[in-house]
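Summary of structural features
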Amino acid sequence: MSSEINPFLPVNKETQTYKIIITPCNAANKSIIKKLKLFLENNELLNGRIILTNTSISVPIILKTGLGDQDLLAFTVYLKRMLNMGEASSIRLALHLPENTASKGTLKDFLVQYLTDRNQDVTMFLPFIPNRYIIYPPMVLFNSNTFDNDVWKGIADESFFQEILSLFNSCSHLAILNPIIKTDDMRRPFGFLPLYGDFGPKLHEDTFDNPTEEDFRKEFWCHAIQNGIYQTWAPRRTMFSRGNIKEKSRILEFKDVHGTDVVDLYAGIGYFTLSYLAKGANRVYCWEINPWSIQGLIKSCKANNRQYCLIRKGEPVPADLNGVRVVIFHESNEFACTRMKQMVEMDSSFKLKLSHVNLGLLPSSRQGWQTALDLINLFETTTMVHVHENIHIDDLQQQIELIKLSLSSSLNEVEFSFVHKIKTFAPDIWHVCIDYRICN
């Protein structure tokens, strides 16, 4: 991230909504939309749908509050240089009311007026009014310590939430997401708090681990579209990390994926699987133990028109996988090499053209390192292995070397390639993806 953009980023502060207007709207300008969209998503500035007309491009964004005219001018100069725009094109910022906000104004404006009309002490509520929210259609998701704070008791009833929903077009559900429990291997959102809307039947422990098709049907599902890729999940059952879009976008820049095979040892709802497919992977082999994550991946495969095959623990690998782009194993990834050997036994000519192995488990993917090495050794291939870890920034260089040492053996040559800082996980703790090229 450039230091030039930092002064504009809304970090734990109130935000102001603007729109970027680019004119004229010609073929050259349209070609920069992808780059602009990726930049805004990576910095979490995009705030709605990009609109193209016959004369202009309008892009809704959020910046931090308190920016003056000179600040806004500096931001547009930065954008124009970053996008490599010619002198014939102009770019400017204007105040903007988001498309999902009705004429009542912003959420904060509405809440202040709502409380004032009821003779409430507004100052008491201000620390607990959401400054930001995320829309995952058809749900609006707020951060913790907002409407879940005791200050809203007696105020935040059904009619209150109905009025809030009137601000958001095409949304029917409101909820709060608290942090994920770090010790839960399946990354289940036990801190998810529904506020309004039908999120499905009452939760039971057995439906987490052994859901039925009826459970899947009755559950509430929301979705997001990032980089043109549709992803869906059940927010009471599985998490969705918005910050992972940086790594998804990076995958779409890989030049060695097309026509090759990829292994995703912690597939989840398909965070990275779907990006490898969009980049042209011949097939992605996925392992996942959370049945709700698998169902989300299946739904997304259908929505993105990717043929899949689901194989449960103990089931044989089908003899015919012709046309299948995603092979999903509902079992621990410790069986990955066993499964590959089964495929070789069925077809002696079978060979994995393995270009990438994804190890996307936090806080550490260490338990999957040996499996990745075994797969590479099984097929005698040169493969890029992506190791996801949470690491203190002061320990990063040391950990890069220690992980390299752990991946090294008499059978392999290991070369450190790249470290990608994806997002902060805690103060000075970064979620990073470290790339190693491993040659058998």
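Residues numbered from 1 in each chain as written. Predicted model: local features only at pLDDT ≥ 70, side-chain atom pairs only at ≥ 80, totals over all residues. Heavy atoms only, no water.

1. Some points on the nonpolar core
- Residues Val 263, Leu 265, Tyr 285, Met 340, Leu 407 and Tyr 436 are the most contacted members of the largest nonpolar core, which totals 40 residues.
- Sorting elements by how many residues they give to this core places helix H13 (residues 369-379) first, with six residues.
- Contacts of Val 263, omitting those with residues within four sequence positions, involve Tyr 285, Trp 287, Leu 352, Leu 354, His 356, Val 357, Asn 358 and Leu 375.
- The next biggest cluster of nonpolar side chains, apart from the first, holds 33 residues, and it includes Phe 199, Val 262, Tyr 271 and Cys 286. (Core = buried A, V, L, I, M, F, W, Y, C linked by side-chain atoms within 4.5 Å. Buried < 20%, exposed > 50% of the residue type's maximum accessible area, 1.4 Å probe, protein only. Helix = DSSP H or I, 4+ residues; strand = E, 2+ residues; numbered from the N terminus. Contact = heavy atoms within 4.5 Å.)

2. Section: the state of the cysteines
- In this structure the tally under the stated criterion is zero disulfides.
- Cys 286 forms no disulfide, and the closest cysteine sulfur to it belongs to Cys 301, at a distance of 7.3 Å.
- When its relative accessible area of 0% is taken as the criterion, Cys 286 is described as buried.
- Of all cysteine sulfurs in the structure, the one in Cys 286 sits closest to Cys 433, which takes part in no disulfide; the separation is 16 Å.
- By relative accessible area, Cys 433 is classed as buried at 0%. (Disulfide = S-S within 2.5 Å.)

3. Remarks on the side chain of Ser 58
- The topology assignment puts Ser 58 in strand S3 (residues 57-64).
- Residues within four places of Ser 58 in sequence aside, it is in contact with Lys 19, Ile 20, Arg 49, Ile 50 and Ile 51.

4. Observations concerning the sheet that holds strand S5 (residues 133-136)
- Spatially, the four strands line up as an open sheet ordered S5-S6-S7-S8, and their pairing is mixed. In this open sheet, the two edge strands, each paired with only one partner strand, are S5 and strand S8 (192-196). Pairwise comparison of adjacent strand axes, ignoring direction, gives a mean angle of 25° for this sheet.
- Where strand S7 (residues 173-177) and S8 come together, four bridges link them in antiparallel fashion. What sits directly across from Leu 177, in S8, is Phe 192.
- Its contacts with the sheet place helix H6 (residues 158-165) against S7 and S8, and it is angled at close to 90° to S8. (Pairing = 2+ DSSP bridges. Axes fitted to C-alpha atoms, helices over the stretch in contact; angles between N-to-C directions.)

5. So, helix H14 (residues 396-407)
- The first and last C-alpha atoms of H14 sit 17 Å apart over twelve residues, in line with the 16 Å expected at 1.5 Å per residue.
- Within H14, burial applies to Leu 396, Ile 400, Ile 403 and Leu 407. Along H14, the residues classed as buried sweep out an arc of 70° about the axis, all on the same side. The exposed residues of H14 that point more than 90 degrees off its buried face are Gln 397, Gln 398 and Leu 405.
- Residues of H14 that are buried make contact with H13, strand S16 (382-392), strand S17 (413-426) and strand S18 (429-439). (Expected span 1.5 Å × (residues − 1). Arc of directions from axis to C-beta.)

6. Some words on the domain arrangement of the chain
- Taken domain by domain, the chain comprises domain 1 (18-95), domain 2 (107-199) and domain 3 (246-439).
- Of note, the centres of domain 2 and domain 3, computed from C-alpha atoms alone, are 36 Å apart. (Domains from an automatic or database assignment.)

7. As for the packing of aromatic side chains
- One pass over the full model with this rule turns up 26 aromatic pairs.
- Judged by centre distance (5.1 Å) and plane angle (85°), the ring pair of Phe 142 and Phe 147 falls under edge-to-face.
- A connected cluster of aromatic rings, assembled from ring pairs, spans Phe 110, Tyr 114, Phe 125, Tyr 133, Phe 142, Phe 147, Trp 152, Phe 160, Phe 161 and Phe 168.
- Directly above the ring of Phe 208 sits Arg 237, whose terminal nitrogen or CZ lies 4.8 Å from the centroid. (Phe/Tyr/Trp six-rings, centres within 6.5 Å; stacked < 30°, edge-to-face > 60°. Lys NZ or Arg CZ within 6 Å of the ring centre and 35° of its normal.)

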